[in-house]
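# Summary of structural features
Next come the chains, spelled out residue by residue.
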Amino acid sequence: MRLHVRGHRLPDDQPVQWWIVDGTLSAEPVAGAETVFDQGWILPGLVDAHCHVGVGPGGAVELDEAIRQAETERDAGALLLRDCGSPIDTRSLDDRDNLPRIIRAGRHLAKPKRYIPGLPIDIDDESQLPAAVAEQARRGDGWVKLVGDWIDREVGDLAPLWSDEVLKAAIDTAHAHGARVTAHVFGEDALPGLIKAGIDCIEHGTGLTDDTIELMVEHGTTLVPTLINIENFPGIAERASRYPVYADHMRNLYARGRQRVAAARDAGVPIYAGTDAGGGITHGRIADEVDALKGIGMSPTEALGAACWDARRWLGRPALEHGASADLLCYTDDPRYGAAVLNRPDLVILRGRVF
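Thresholds, definitions, all that
Numbering of residues begins from 1 in every chain and follows the order in which that chain's sequence is written. Owing to the predicted nature of the model, reporting of local features is limited to residues with pLDDT of at least 70; listing and counting of side-chain atom pairs is limited to 80 or more, with chain, interface and lining totals taken over all residues. As a rule here, side-chain values come from all non-hydrogen atoms in the structure, and water together with hydrogens is ignored. To qualify as a helix, a DSSP run of H or I must reach at least 4 residues; to qualify as a strand, a run of E must reach at least 2; elements of each kind are numbered from the N terminus. Exposure classes here rest on a 1.4 Å probe applied to the protein chains alone. A residue is buried below 20% of its type maximum, exposed above 50%, and partly exposed in between. The contact definition used throughout considers only heavy atoms, calling two residues in contact when any of these lie within 4.5 Å. Under the counting rule used here, the positive set is Lys and Arg, the negative set is Asp and Glu, and His together with the chain ends is not counted. Every charge is mapped to an atom, namely NZ of Lys, CZ of Arg, CG of Asp or CD of Glu. Nonpolar cores are built from buried Ala, Val, Leu, Ile, Met, Phe, Trp, Tyr and Cys residues. Side-chain atoms within 4.5 Å join them into one set. DSSP calls a pair of strands paired once it identifies at least 2 bridges connecting them. Angular values range over 0 to 180 degrees, each being the angle between N-to-C directions of two axes fitted as lines to C-alpha atoms, with helices fitted over their stretch in contact. UniProt positions are given in the numbering used here, feature names are shortened, and annotations may be inferred rather than shown by experiment.

## Quick look at the overall build of the chain
- Across its full length, the chain holds 12 helices and 20 strands.
- In terms of its C-alpha atoms, the chain occupies a principal-axis envelope of roughly 70 × 40 × 35 Å.
- Of all 355 residues assigned to the chain, the portion counted as buried reaches 58%.
- For the chain, the share of sequence-separated contacts (at least 6 apart) that also reach a separation of at least 24 residues comes to 67%.
- Side-chain charges of the chain comprise 37 positive and 54 negative groups, with the mean position of each set lying 2 Å from the other.

Now the structure itself:
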């Protein structure tokens, strides 16, 4: 199949046209190509940088449901997913040319009873963490996911899971295996140890302080704030009435979370769009996360880049370039206008196939 698209590219709004042959982009004209889009905006496929294919509200799902989740992401334009921890093996989805590409982080690594039941690999002795990280680095696609903090029921509040020394050893191990490390962190206390240990990315980050923001800038740590998921914090607090200190803490994090993320952005911390889809967030909402990023001070173009060309560069995946896979979106209306436009591409082209 030979296709041709013409329109304007972002972020510079320059005229552009591409030819598609055998699923690959060509900047050179191709004879006999059918023009399937003419005039509008052409983007690389969107990126959801925090997405859980294989997780539903009740935990792990069957593979058929994971496929439906991936189809939902595709139809919303998210053609590249960084899967930040899944308890099921979704490798077989790579064999389907109608599903988004997935960058996997293996399974979450946590201590017993210190994360959502059924999702993580539980590590009884923290000295085993570096070996577990090495195993997940071998199983993943260049990422490993730690649980940095969670409620400690003996304390009655959020608390770090790991000592600083073990974190340093574990993150060094991941880097030696060619993997980057990210961590779930809601509160304040786990952040200094993770950042000083050389972690590559923080998920959520609602407990950022001026000091830890400064540390992130110093160490080059990135942030995926999952802003639409922060809206679940009041509900989490309501269900945690047995732990009033924790419940109050979650309410406080909710009240100031967006302001803290905005402060990180203003300080120069790189921020990318991720929804935390799976569990409490339905799949296919990357456009809502882009809108939420505008609410912390990003321009429409910057917010879209955080879920598109900039996110692809960060993850080491191509955008629109000669010889790359033809994974792109076409919009008649400017996709920077808002979620109502961004969430409904006129054409989704994945591996050269039109959806």
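Next comes the rest of the write-up.
## Concerning the nonpolar core
- Formed by 96 residues in total, the largest nonpolar core has its most connected members in L129, L146, L194, L223 and L293.
- Ranked by the residues each element gives to this core, the list is headed by helix 8 (residues 244-267), at 8 residues.
- Each residue touching L223, except ones within four places of it in the same chain, is listed here: C201, I202, H204, G205, L208, M216, V261, A264, V269, P270, I271 and Y272.

## A closer look at the sheet that holds strand 8 (residues 78-83)
- The sheet built from 3 strands is open, its strands ordered 5-8-9 with parallel pairing. The open sheet terminates on both sides in strands that have one partner only, identified here as strand 5 (46-51) and strand 9 (101-104). Strand-to-strand twist of the sheet, defined as the mean angle between neighbouring strand axes without regard to direction, takes the value 20°.
- Bridge count between strand 5 and strand 8: 4 bridges; the pairing is parallel. Of the residues in strand 8, the one forming a bridge with D48 is L81.
- Running at roughly 130° to strand 8, helix 1 (residues 63-75) makes contact with strand 5 and strand 8 of the sheet.

## Regarding the UniProt feature "domain: Amidohydrolase-related" (unreviewed entry) in the chain
- In the numbering used here, UniProt assigns the "domain: Amidohydrolase-related" (unreviewed entry) feature to residues 41-331.
- With 38% helix and 20% strand, residues 41-331 has end C-alpha atoms that lie 5 Å from one another.

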